[in-house]
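# Reading the structure
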Amino acid sequence: MASTFLSVSVRPPPRPPSLPLINCRTTTNSSHFASRTQREPPPLTSILQNPNPSPSPPSSLTCALECPHFQSCSGCTHEYNLHHPAIVDEATDFFKALGVSDFTFDSCRLWGWRCRAKLAVRGSSSEPLIGLYEEGTHNIINIPDCKAHHPRINAAVELLKQGIAELNVEPYDEDKGTGELRYVQMAVTTYDTSLPVSQRYQNGKVQVALVWNSRNENSPSSEKLNALANYLWRNGGPRRKINIIHSLWANFQTSTNNIIFGNRWRHLFGGGDFWEHIGGIDVSLAPSSFGQANTKAFDSLLRKLQKYVPYGASVVDLYAGAGVIGLSLAATRKCRSVKCVEVNKESKLSFGKTVERLPVNLDCSISWHQADTSIEPLSWLVGSEVVVVDPPRKGLEPSLVDALRTISSVELNYRLPESPSLKAKDEKRPWILRAKEASMQYKLGPTKEESDSLPQTLIYVSCGWQSFKEDCASLLSGKTWHLDKAHGFNFFPGTQSIEILAVFKRHRGASVKKKKSGKKKRPS
Ligand SMILES: C[S@@+](CC[C@H](N)C(=O)[O-])C[C@H]1O[C@@H](n2cnc3c(N)ncnc32)[C@H](O)[C@@H]1O
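Keep in mind that this is a model prediction, so the values were computed, not measured. (Residues numbered from 1 in each chain as written. Predicted model: local features only at pLDDT ≥ 70, side-chain atom pairs only at ≥ 80, totals over all residues.)

Right, let's get into the environment of R266. As for its position among the elements, R266 is in strand β8 (residues 264-270). A tally of 17 C-beta atoms within 10 Å means that R266 is categorised as partly exposed. For the pair R266 and S284, spaced 18 residues apart in sequence, the C-alpha to C-alpha distance is 17 Å. Every residue in contact with R266, bar those within four places of it in the chain, is listed here: E217, W249 and A250. (Helix = DSSP H or I, 4+ residues; strand = E, 2+ residues; numbered from the N terminus. Buried ≥ 20, exposed ≤ 12 C-beta atoms within 10 Å, placed from the backbone. Contact = placed C-beta atoms within 7 Å.)

Structure, rendered in structure tokens:
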């Protein structure tokens, strides 16, 4: 996961004046930016009429960001060669040294790719600032023409600014802890079956979550919150000719730390369910649950990932969020079982909704568990042939790396009890009991016998290149795993980030030592 919000950048040297600028975009609208000498936002209608999507793949070596905010905004760190960040060459060499010479890189969509953004709201009600930190400072700047954002996010931000000014909403003051609106999260759904497929992306609609500086909806400032939500719904909702708002939510947060969301959410307007079609399934994503920012690139990664999972396999999806990876495998690979493990309890609701849209005849046992994978990780690995890990940027927990490294030599202490009721009765470990309480179990089809197999395939999805390299070295040092395949995806064009999909296989013969039964061998 890459956070939109706090990014540190290293600027490349400025482009020499003589270097020709070849733009990879077919629908360039550079005059729109060239003529804009001031930084004030364009009117909402102009944003909507110039959605500036980039439907075609790159064709030259100098695909350029061409963003007017590049010098000041901390969001993007690289202006040229968006389709081929330098880190790709490093990754190619890295994987080659490990015996994988067919590393591939998918450059994905280069502009308008960000379908999920968390933006700070600062400034004053007459001149609100909604955006990211200014490079090297703690000041927020407006980024109305951001080239990474889906154009509908820019349009919704513009509308929000108008609402703030008109209704005299007070932006948050970090130093004093005063003000009303702290942050806004904008997430775009591009799944509208009433439109032809070719028109769906550009006509995405935005789920807006307003982070309000009060304890709950009964506080005195709630009237202002409702008025703002009303304004956005009236001016961007379904009654408008161009409907940009999908739904409106409030989150209540009064803490002075830098955690964006509080625990309390309230649905205000529009669809309570937010659907996207990713990896071959309909996925529900509540504003409180983790969602990938680059919807299209994530879809490409999932399509590739699916090919490495054998039909009918049992899968455990660690760091699962709302279970998008696991559930897309359940549907497309007809998995026997899929177990999703995630620490954030907010993802459970979205998981349940997504399961309800899976085909009923899947013949798969599906579960979601709220648990920390670093605690007794082996207990989650037992019973699955394939393990998928998709950790945050810091990489895998050391205890999980250890469990994976030593998986072949570990005695199998985790024999599954004969019946679930017996299992529940005998279980004493509080963290396992807590995870069970918070879990969700579905059986789509007849019940299958659970196995005590251990994973033969490890699929690592990484958004942190440094931590991936370290985890990779640790995993390979155990001689249990070898690296089989690796692919890169351009999840964050304009930065030196790369999303990696790496497939490890367990060495043949590296099998589990079964626990001794205690029975004496019968003489032959
Ligand atoms: C990069 S996201 C991936 C989510 C999901 N695979 C997806 O693509 O939608 C990482 C997820 O790991 C979860 N997480 C972080 N640390 C964890 C831990 N120790 N145990 C379980 N989940 C954890 C986060 O809450 C987050 O949802």
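Before going further, it helps to spend a moment on unusual backbone geometry. For E66, which is not glycine, the phi dihedral falls at a positive 50°. Relative to the helices and strands, E66 resides in the loop between α2 (44-49) and α3 (87-97). Here E66 falls in the buried class, since 20 other C-beta atoms lie within 10 Å of it. Positive phi, close to 60°, is recorded for N168, a residue that is not glycine. Note on placement: N168 falls in the loop between α4 (151-167) and β5 (181-189). Of the residues examined, N168 has 12 C-beta atoms within 10 Å and is grouped as exposed.

To continue, consider the domain arrangement of the protein. As far as domains go, the protein holds domain 1 (114-275) and domain 2 (294-506). For the side of domain 1 that touches domain 2, the per-class residue count stands at two nonpolar, one polar and two charged. (Domains from an automatic or database assignment. Nonpolar A, V, L, I, M, F, W, Y, C, P; charged D, E, K, R; others polar.)

With that settled, the discussion passes to the confidence of the model for the protein. Residues with a pLDDT of 70 or more make up 78% of the protein, whose mean pLDDT is 85. Scored below 50 in pLDDT, residues 50-59 makes 28 contacts in the model with residues more than four places away or belonging to other chains. Here residues 511-524 scores under 50 on pLDDT; set against residues more than four positions off or in separate chains, the count is 11 contacts. The complex prediction reports pTM at 0.84, with the ipTM value standing at 0.99. (pLDDT = per-residue confidence, 0-100.)

Here we take up the UniProt feature "active site" (unreviewed entry) in the protein. This chain's UniProt record puts "active site" (unreviewed entry) on C463. Among the structural elements, C463 can be located in the loop between β16 (457-462) and α14 (465-477). The exposure class assigned to C463 is buried, which follows from the 22 C-beta atoms found within 10 Å. (UniProt positions renumbered as here; feature names shortened; annotations may be inferred.)

On to the nonpolar core. Core analysis: the biggest nonpolar cluster contains 126 residues, and A156, V184, V208 and L210 have the highest contact counts within it. Top contributing element to this core by residue count: α4, with seven residues. When residues of this core are sorted by domain, at least three fall in each of domain 1 (114-275) and domain 2 (294-506). Excluding anything up to four places from it in sequence, V208 contacts A156, V184, M186, L232, I245 and L248. (Core = buried A, V, L, I, M, F, W, Y, C linked by C-beta atoms within 7 Å.)

Attention shifts here to helix α7 (residues 295-306). Spacing of three or four residues puts side chains on the same side of an α-helix, whose turn is 3.6 residues. With 12 residues, α7 extends 17 Å from end C-alpha to end C-alpha; this agrees with the ideal 16 Å at 1.5 Å per step. For α7, the set of buried residues is T295, A297, F298, S300, L301, L302 and L305. On its buried face, α7 is in contact with β1 (104-106), β9 (275-278), α8 (324-332), β16, β17 (481-489) and β18 (499-506). (Expected span 1.5 Å × (residues − 1).)

As a further point, take the environment of C67. Relative to the helices and strands, C67 resides in the loop between α2 and α3. Sequence separation between C67 and P493 is 426 residues, and the spatial gap between their C-alpha atoms is 12 Å. Among all residues touching C67, those that are not within four sequence positions of it are C76, D145, C146 and K147.

A two-sided burial pattern is seen for strand β14 (residues 386-389), the buried positions comprising V386 and V388 on one face and V387 and V389 on the other. Bridging between strand β11 (residues 314-318) and β14 involves four bridges; their strand directions are parallel. Paired with L318 across the two strands is V389, which belongs to β14. Relative to β16, β14 runs parallel, the two sharing four bridges. The residue of β16 that forms the bridge with V387 is L458. (Pairing = 2+ DSSP bridges.)

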